[in-house]
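Structural overview
Listed here are the chains, written in short residue letters.
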Amino acid sequence: MEPVKIGILGLGTVGGGTLNVLTRNAEEIARRAGREIKVVQAAARDISRSRICSTEGVALTENAKEVVSNPEIDIVVELIGGDTLARDLVMNAIANGKHVVTANKALIAKFGNEIFSAAQKKGVMVAFEAAVAGGIPIIKAIREGLAGNEIEWLAGIINGTGNFILTEMRDKGRDFADVLAEAQRLGYAEADPTFDVEGIDAAHKLTILAAIAFGIPLQFEKVSTEGITNITREDVNYAEQLGYRIKHLGIAKRTADGIELRVHPTLIPEKRLIANVDGVMNAVLVKGDAVGPTLYYGAGAGAEPTASAVVADIVDVVRTLTSDPENRVPHLAFQPDALSTLPILSMDDVVTAYYLRMHAEDKPGVLAEITRIMGERGISIEALIQKEPINKDSGATVIMLTQPVLERNMNQAIAAIEKLDTIRGSVTRIRSEHLNSQ
Ligand code: NDP
Ligand code: HSE
């Protein structure tokens, strides 16, 4: 049988890794796919640059459009990134009747609805396993392995760069900027690394996970997003004294009123496996009503871990080349005409526990005032630490853990506490989740 012909757009970290894996494991991959897979053409911005992969036998071009219109090519693998050129190339590839594999979460989160609809009409596949959690086959696990469940919630460390930075800062006391520069050197970070540290990359990935978990359209603009830039060494230490770790999580939860979609630093009890996921590793906890909690762990970024997911998608596409488009696994797990209109909740309507840190004057009655404000809004305190002032002018640090509460009530309580004459500066707030089987 003729080999299946591939065109790769982009030969950077992931493109280079993909070519290496396809070459090194060619025989094993062909045995799985049932056909030989041959990369016939690849595009890069500057084809004279040295690469992490050999490009022997591959026609190189600096004009990516040549690849998507090359009649010889069956599958276009988009590994350029961004959502402008990549969007045009993917839409053109689909219009030309080519299957598409991509690692581009920004593209899928923002334009996936239009891309899948075009692919559906044209009878081609768009596969995107590498877009979420690097090498972990989390899309396949949720879309296929958990297809019998109603998914109740999922929570994941889904940005490798951010987790690498937090781990190095905590374990080695390294400087934020220094660790970020290393993540960039290692090829973990996005072209614009603010996407990693401000939580945008995690929000792209959460958008995709929520769509396939709950059968809702992709709604990136509705994700509430906070990054890791405000996490201080002080909060990391206090969290540890209370038996917690701070991790940057993406959380999607089904509630009676709608869906919570949020990305933010989160305190997690240190005994949870996910609290001990360090470095560039990612992990996603998924709770299904039938299976209970399940945990998926692996490298969240990097050349070959991501290539592992890209190549798995290529094999999947090759295996289905002969199957009828109507009988393929739907792009977003649920049949396109069966997507749900469940609303996405505003952060005011989210229920979660909190870690609070504030500076108070060391006077009698201050704590009573704070607890009165909390009590009036139905907020129960689970733990409270008051640190002795370093000197008579420095004030005392008060740290609290609360029971779960409506975020609207917590916002009101924080505003009232910050107005007290005895409180200095603003209150630091980090959300906290127990992530147990409930
Ligand atoms: P890189 O920056 O390493 O690679 C991008 C590639 O695209 C480069 O080879 C570049 O060419 C090429 N390119 C850029 N512009 C053009 C253009 N106009 N025409 C042709 N080629 C072009 O990015 P990554 O490999 O890190 O990321 C690729 C995608 O994979 C992104 O969507 C990213 O979000 C995603 N991803 C990345 C992961 C990672 O660990 N890095 C993990 C999971 C997903 P040249 O080399 O000549 O500059
Ligand atoms: N920049 C991303 C990360 C790459 O660090 O997780 C993997 O999607």
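No experiment lies behind these values; they were computed from the predicted model shown.

What about the overall build of the chain?
If you tally the helices and strands in the chain, you get 14 helices and 17 strands. The C-alpha radius of gyration of the chain comes to 24 Å, within 12% of the 22 Å expected for a compact globule of 438 residues. When its C-alpha atoms are laid out on the principal axes, the chain stretches across 85 × 45 × 35 Å. In the chain, buried positions account for 54% of the 438 residues. Restricting the contact set of the chain to residue pairs at least 6 apart, pairs at least 24 apart contribute 74%. Here the chain carries 46 positive and 57 negative side-chain charges, and the mean point of each set is 1 Å from the other.

Looking at the site of ligand 1
By nearness alone, 23 residues border ligand 1, and R49, R51, G187, E190 and G302 come closest of all. Taking L11, its main chain carries an N or O atom lying 2.9 Å from an oxygen atom of ligand 1. One nitrogen or oxygen atom from the side chain of R51 is found 2.6 Å from an oxygen atom belonging to ligand 1. Protein contact buries 85% of the 910 Å² of open area that ligand 1 shows by itself.

Brief notes about empty space enclosed by the protein
Counted under the stated rule, the structure contains two cavities of 30 Å³ or more. When its volume is computed, the largest cavity comes out at roughly 80 Å³. Forming the boundary of the largest cavity are L166, R170, V236, A239, E240, Y244, R245, I246 and K247. Mapped by element, the contributors of at least two residues to the lining of the largest cavity are α7 (160-172), α11 (233-241) and β9 (244-254). Here the residues of the lining of the largest cavity are counted per class, giving five nonpolar, no polar and four charged. Roughly 30 Å³ of volume is contained in the second largest cavity. What lines the second largest cavity is Y244, A353, Y354, E382, L401, T402, S432 and H434. Those elements that place two or more of their residues in the lining of the second largest cavity are β13 (351-360) and β15 (396-402).

Some words on α7
Across its 13 residues, α7 extends 17 Å between first and last C-alpha, which sits within 8% of the 18 Å expected from 1.5 Å per residue. For α7, the buried fraction is high: 11 of the 13 residues fall into the buried class. The complete set of buried residues in α7 reads G160, T161, G162, N163, F164, I165, L166, T167, E168, M169 and R170. For α7, the elements touching its buried residues are β7 (151-157), α8 (176-185), α9 (194-197), α11, β9 and β11 (281-288).

Quick word on the site of ligand 2
If you check the shell around ligand 2, you find K105, N159, G160, T161, Y188, A189, E190, D196, D201, K205, G300 and A301 and nothing else. Between ligand 2 and N159, the relevant distance is 3.4 Å, taken from an oxygen atom to a side-chain nitrogen or oxygen of the residue. Contact with the protein chains hides 94% of the accessible area of ligand 2, taken as 250 Å² for the molecule alone. Among the elements of the structure, α7 and α10 (200-214) are those that each provide at least two residues to the shell around ligand 2. When the residues that make up the shell around ligand 2 are grouped by side-chain class, the tally is three nonpolar, four polar and five charged.

So, the side chain of T294
Tracing the backbone through its elements, the reader meets T294 in strand β12 (residues 292-299). Only 2.9 Å separates the side chain of T294 from the side chain of Y296, close enough to count as a polar contact. Sequence-distant contacts of T294, that is, excluding residues within four places in its chain, are made with L146, V284, L285 and V286.

Criteria and thresholds
- Residues numbered from 1 in each chain as written.
- Chains lettered and ligands numbered in written order.
- Predicted model: local features only at pLDDT ≥ 70, side-chain atom pairs only at ≥ 80, totals over all residues.
- Heavy atoms only, no water.
- Helix = DSSP H or I, 4+ residues; strand = E, 2+ residues; numbered from the N terminus.
- Rg over C-alpha atoms; globule rule 2.2 N^0.38 Å.
- Buried < 20%, exposed > 50% of the residue type's maximum accessible area, 1.4 Å probe, protein only.
- Contact = heavy atoms within 4.5 Å.
- Lys, Arg positive; Asp, Glu negative; His and termini not counted.
- Charge placed at Lys NZ, Arg CZ, Asp CG, Glu CD.
- Near = heavy atom within 4 Å.
- Polar contact = N/O pair within 3.5 Å; in protein donor to acceptor, adjacent residues only side chain to side chain.
- Areas by Shrake-Rupley, 256 points an atom, 1.4 Å probe, with all protein chains shown as cover.
- 1 Å grid on protein atoms, 1.4 Å probe; cavity = no way out; pocket = protein on both sides within 12 Å on 5 of 7 lines; lining within 4 Å.
- Points joined across faces, edges and corners; volume = space filled by probe spheres on them.
- Nonpolar A, V, L, I, M, F, W, Y, C, P; charged D, E, K, R; others polar.
- Expected span 1.5 Å × (residues − 1).

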